[in-house]
Amino acid sequence: MTESRIHFFAKEPLVALLGNPNCGKTALFNLLTGSRQKVANYSGVTVERKEGNLTLASGKVIRILDLPGAYSLYPRSLDERVTCDVLHGRAAGEKRPDLVLCVLNAMNLRANLRLVLAAKRLGLPCVVVLNMVDIAKRHGLQIDEQALAKELGMPVIPTIGIQARGADDLKSYLAQLDWRNLAALSNTSLDQGDETVIAHSEHIESDNIQVHRILKKLNLDHVIPDHFSDRLDSVLLHPIIGPIILTVLLFFIFQAVFSWAVYPMELIKLGLEYLGGLLTQFLPDNWFRSLLIDGILAGVGGVLTFLPQILILFFFILALEESGYLPRAAYLLDRLMGRAGLSGRSFIPLLSSFACAIPGIMATRSISNARDRLITILIAPMMTCSARLPVYALLISAFIPHTKLWFDLDLQGLVLFALYLAGIPFL
Amino acid sequence: MLLDQASLGTLFRVKGVLPSTSTPEVKGQLEDIGFLTGEQVTVLRKGLFGKGPILVRVGSSTFALRENEAKLIELEAIAS
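Values in this document were obtained by computation on a predicted structure and should not be read as measured data.

What about the overall build of chain B?
Working step 1: Of regular secondary structure, chain B possesses 2 helices and 5 strands.
Working step 2: Listing the helices and strands of chain B from first to last along the sequence gives β-α-β-β-β-α-β.
Working step 3: Expected size for 80 residues packed as a compact globule is a radius of gyration near 12 Å; at 12 Å, chain B falls within 12% of this value.
Working step 4: Expressed as lengths along the three principal axes of its C-alpha atoms, the size of chain B is roughly 35 × 30 × 20 Å.
Working step 5: Expressed as a percentage of its 80 residues, the buried residues of chain B come to 48%.
Working step 6: Contacts in chain B between residues at least 24 apart in sequence constitute 59% of all its contacts with a sequence separation of at least 6.
Working step 7: Only carbon and sulfur atoms are counted for the fraction: they give 55% of the accessible area of chain B, which is about 3,800 Å².
Working step 8: The average position of the 9 basic charges and that of the 9 acidic charges among the side chains of chain B differ by 8 Å.

Structural notes on the overall build of chain A
Working step 1: Each helix and strand in chain A was counted, giving 18 helices and 7 strands.
Working step 2: Relative to its full complement of 427 residues, chain A shows a buried share of 44%.
Working step 3: Look at the contacts in chain A between residues 6 or more apart in sequence, and 68% of them connect residues 24 or more apart.
Working step 4: Averaged over its 39 positive side-chain charges, chain A has a centre that lies 3 Å from the centre of its 37 negative ones.

Structural notes on the interface of chain A and chain B
Working step 1: Listed as interface residues are 30 residues of chain A and, on the opposing side, 28 residues of chain B.
Working step 2: When chain A packs against chain B, the two sides together hide about 2,300 Å² of surface, and 50% of this comes from carbon and sulfur.
Working step 3: Linking chain A with chain B are 3 salt bridges, by the criterion used here.
Working step 4: The salt bridge involving B:Arg66 is made with A:Asp334; its shortest N-O contact spans 2.7 Å.
Working step 5: Where chain A packs against chain B, one counts 8 residue pairs in polar contact (both at pLDDT 80 or more).

Examining the layout of surface pockets
In this approach the atoms are scanned with a rolling probe the size of a water molecule, which exposes any empty space left behind.
Residue and element names in this part refer to chain A.
Working step 1: Considered as a void within the structure, the second largest pocket measures approximately 600 Å³ in volume.
Working step 2: Sort the elements by how many residues they give to the lining of the second largest pocket and helix H9 (residues 241-259) lands first, with 7 residues.
Working step 3: Looking at the lining of the second largest pocket residue by residue, the class counts come to 19 nonpolar, 5 polar and 4 charged.

Regarding the confidence of the model for chain A
Working step 1: The pLDDT averaged across chain A works out to 81; a share of 93% of its residues lies at or above 70.
Working step 2: Per-element confidence in chain A ranges from a low mean pLDDT of 77 for strand S2 (residues 37-41) of chain A to a high of 92 for strand S1 (residues 14-19) of chain A.

Notes on the sheet that holds strand S6 (residues 126-131) of chain A
Residues and elements named next belong to chain A.
Working step 1: Taken together, the 7 strands give an open sheet; going across it, the order is S2-S3-S4-S1-S5-S6-S7, and neighbouring strands pair in mixed fashion. Single-partner strands in this sheet number two, and they are S2 and strand S7 (156-158). Averaged over all pairs of adjacent strands, the angle between strand axes in this sheet comes to 25°, irrespective of strand direction.
Working step 2: By the bridge criterion, 5 bridges tie S1 to strand S5 (residues 99-105) in an arrangement that is parallel. Residue Val 15 lies in a different strand from S5, and its bridge partner there is Leu 99.
Working step 3: This element, helix H6 (residues 168-176), spans strand S3 (48-55), strand S4 (61-66), S5, S6 and S7 of the sheet and lies at about 140° to S7.

A few points about the environment of A:Ile143
Residue and element names in this part refer to chain A.
Working step 1: Among the secondary structure elements, Ile 143 is positioned in the loop between helix H4 (133-138) and helix H5 (145-152).
Working step 2: Relative accessible area serves as the criterion here: at 13%, Ile 143 is assigned to the buried category.
Working step 3: Separated by 13 residues in the primary sequence, Ile 143 and Leu 130 place their C-alpha atoms 9.4 Å from one another.
Working step 4: Sequence-distant contacts of Ile 143, defined by excluding residues within four places in its chain, comprise Ala 106, Leu 109, Leu 130, Leu 148 and Leu 220.

Some thoughts on the sheet that holds strand S2 (residues 40-45) of chain B
The strands making up a sheet associate through hydrogen bonds between their backbones, and the pairing can be parallel or antiparallel.
All names here are of chain B.
Working step 1: Judged by pairing direction, the sheet is antiparallel, and its 5 strands sit side by side in the order S4-S3-S2-S1-S5 without closing on themselves. Each edge of the open sheet carries a strand with a single partner, namely strand S4 (61-65) and strand S5 (73-77). Direction aside, neighbouring strands of the sheet carry axes that sit 40° apart on average.
Working step 2: Examined bridge by bridge, S2 and strand S3 (residues 54-58) share 4 bridges and lie antiparallel to one another. By the bridge assignment for S3, Thr 42 is matched with Arg 57.

Examining the environment of A:Ala357
Residues and elements named next belong to chain A.
Working step 1: Along the chain, Ala 357 turns up in helix H15 (residues 357-362).
Working step 2: Of the residues examined, Ala 357 reaches a relative accessible area of 15% and is grouped as buried.
Working step 3: Sequence separation between Ala 357 and Glu 266 is 91 residues, and the spatial gap between their C-alpha atoms is 20 Å.
Working step 4: With near-sequence residues (within four places) excluded, Ala 357 lies in contact with Ala 380, Pro 381 and Cys 385.

With respect to the packing of aromatic side chains
All names here are of chain A.
Working step 1: A complete count under the given rule lists 6 aromatic pairs over all chains for this structure.
Working step 2: Centre to centre, the rings of Phe 252 and Trp 260 are 6.2 Å apart; their planes meet at 85°, and the pair counts as edge-to-face.
Working step 3: With a centroid separation of 5.9 Å and an interplanar angle of 45°, the aromatic rings of Trp 260 and Phe 316 are classed as tilted. Of this pair, Trp 260 sits in the loop between H9 and helix H10 (262-282) while Phe 316 sits in helix H12 (residues 307-322), placing them 56 residues apart in sequence.
Working step 4: Among the residues examined, Trp 260 registers a relative accessible area of 47% and is labelled partly exposed.
Working step 5: Taken together, the ring pairs in this structure connect Phe 252, Trp 260, Phe 315 and Phe 316 into an aromatic cluster.

What counts as what
Residues numbered from 1 in each chain as written. Chains lettered and ligands numbered in written order. Predicted model: local features only at pLDDT ≥ 70, side-chain atom pairs only at ≥ 80, totals over all residues. Heavy atoms only, no water. Helix = DSSP H or I, 4+ residues; strand = E, 2+ residues; numbered from the N terminus. Rg over C-alpha atoms; globule rule 2.2 N^0.38 Å. Buried < 20%, exposed > 50% of the residue type's maximum accessible area, 1.4 Å probe, protein only. Contact = heavy atoms within 4.5 Å. Areas by Shrake-Rupley, 256 points an atom, 1.4 Å probe, with all protein chains shown as cover. Lys, Arg positive; Asp, Glu negative; His and termini not counted. Charge placed at Lys NZ, Arg CZ, Asp CG, Glu CD. Buried area = accessible area lost by both parts, 1.4 Å probe. Salt bridge = Lys/Arg side-chain N within 4 Å of Asp/Glu carboxyl O. Polar contact = N/O pair within 3.5 Å; in protein donor to acceptor, adjacent residues only side chain to side chain. 1 Å grid on protein atoms, 1.4 Å probe; cavity = no way out; pocket = protein on both sides within 12 Å on 5 of 7 lines; lining within 4 Å. Points joined across faces, edges and corners; volume = space filled by probe spheres on them. Nonpolar A, V, L, I, M, F, W, Y, C, P; charged D, E, K, R; others polar. pLDDT = per-residue confidence, 0-100. Pairing = 2+ DSSP bridges. Axes fitted to C-alpha atoms, helices over the stretch in contact; angles between N-to-C directions. Phe/Tyr/Trp six-rings, centres within 6.5 Å; stacked < 30°, edge-to-face > 60°.

Now the structure itself:
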């Protein structure tokens, strides 16, 4: 007997947001969908799937899907694989999008336009969204949207992803769109499927020539240096000052994870004890009470007490990531981590595993490479977490004599330090 | 000249990306992120003693490349 799955899809049209990493796609997605978002995983892979609804002025509801960022439509990473599968209508449990919004970072047209040209070959209705037009204007970059639309053969709509009304033009465009006749927006009705390696490198060559031609025609063919971040980088990535700033920052974060979390952790512990006492009082002494108190309360409570630490660590990781410091930290630490075959991105999860492996493993989400993420997850529990400290202390005081070595060095302290060092797998 | 030999702050043009025998997928990755023939490239920063990852601007994006990746990118001087 064979099994075949039938998927039922919502009747609302599905609009996919496609763009390079760092093109402001997610900010635009948040702006369009507001707080009505559903976050899940694509089936079978650990790639986040974000969907939200947008109600147009005409009263029509459309579903908006935030695709993982991609540099090209030739799948190299897990994220790009998902993006390609969805766009070709091959992803399990996913409807092929009715419309693709290609999000362009106006500050980086060169790289972004190549993706737009690749998207044109999909055979899906495409609309170009020119994002970050405000920053481009501030840098004296005048982009003629009409001319760009003419060159690309697609409608171009300017947006500002981080401004409250920045997507109004896009919303009104979508509202007046004839949703029953979207085919008019597609450049070809033919989907050529996945590209082969040879076809891809041919495409990338010809796309590059075309992008150069378009940029020249629009008089945008010059490099725009980003002065402000360059000046910041000259300090943050300085070979000597950079690591010092990083060390101070990390020291502050771990100090915060430990010291700020003490009170809420105590509070949760006290609350659980109080609840346990209450249950002992009111329930008869039988297996059910034991299950409730010793099983569920102690078990769930044990995890719950780590919640403050996890939340504080996540707050800092989010702040580091959103500010763009994380890739810079990865750059500074690449050589150290490279010895273990890891990238610099594994550093923060591993360092936080000294506090506790659970938030450490959860922090590995920021590692984009699936192999690196798995290795980091496997190494993290081997780091000496704080819960092991009492065990070390007990064993050391039981077996190691309390003697002074040279320079007033305590033997017990030295053994503890050695144990910590021995716990770092890649040293 | 290869990218790992390029001097800091000088503008070059990408001549091409060499195929790598040990890691064949890298050529395509580098091309995807923008190391394509004719693109403008500047080395922004090198590590201490010239070791470690190299910070490179290509077009208007900035990337950090490891030495073995930088060795695959062929550059040519810009005729001024």
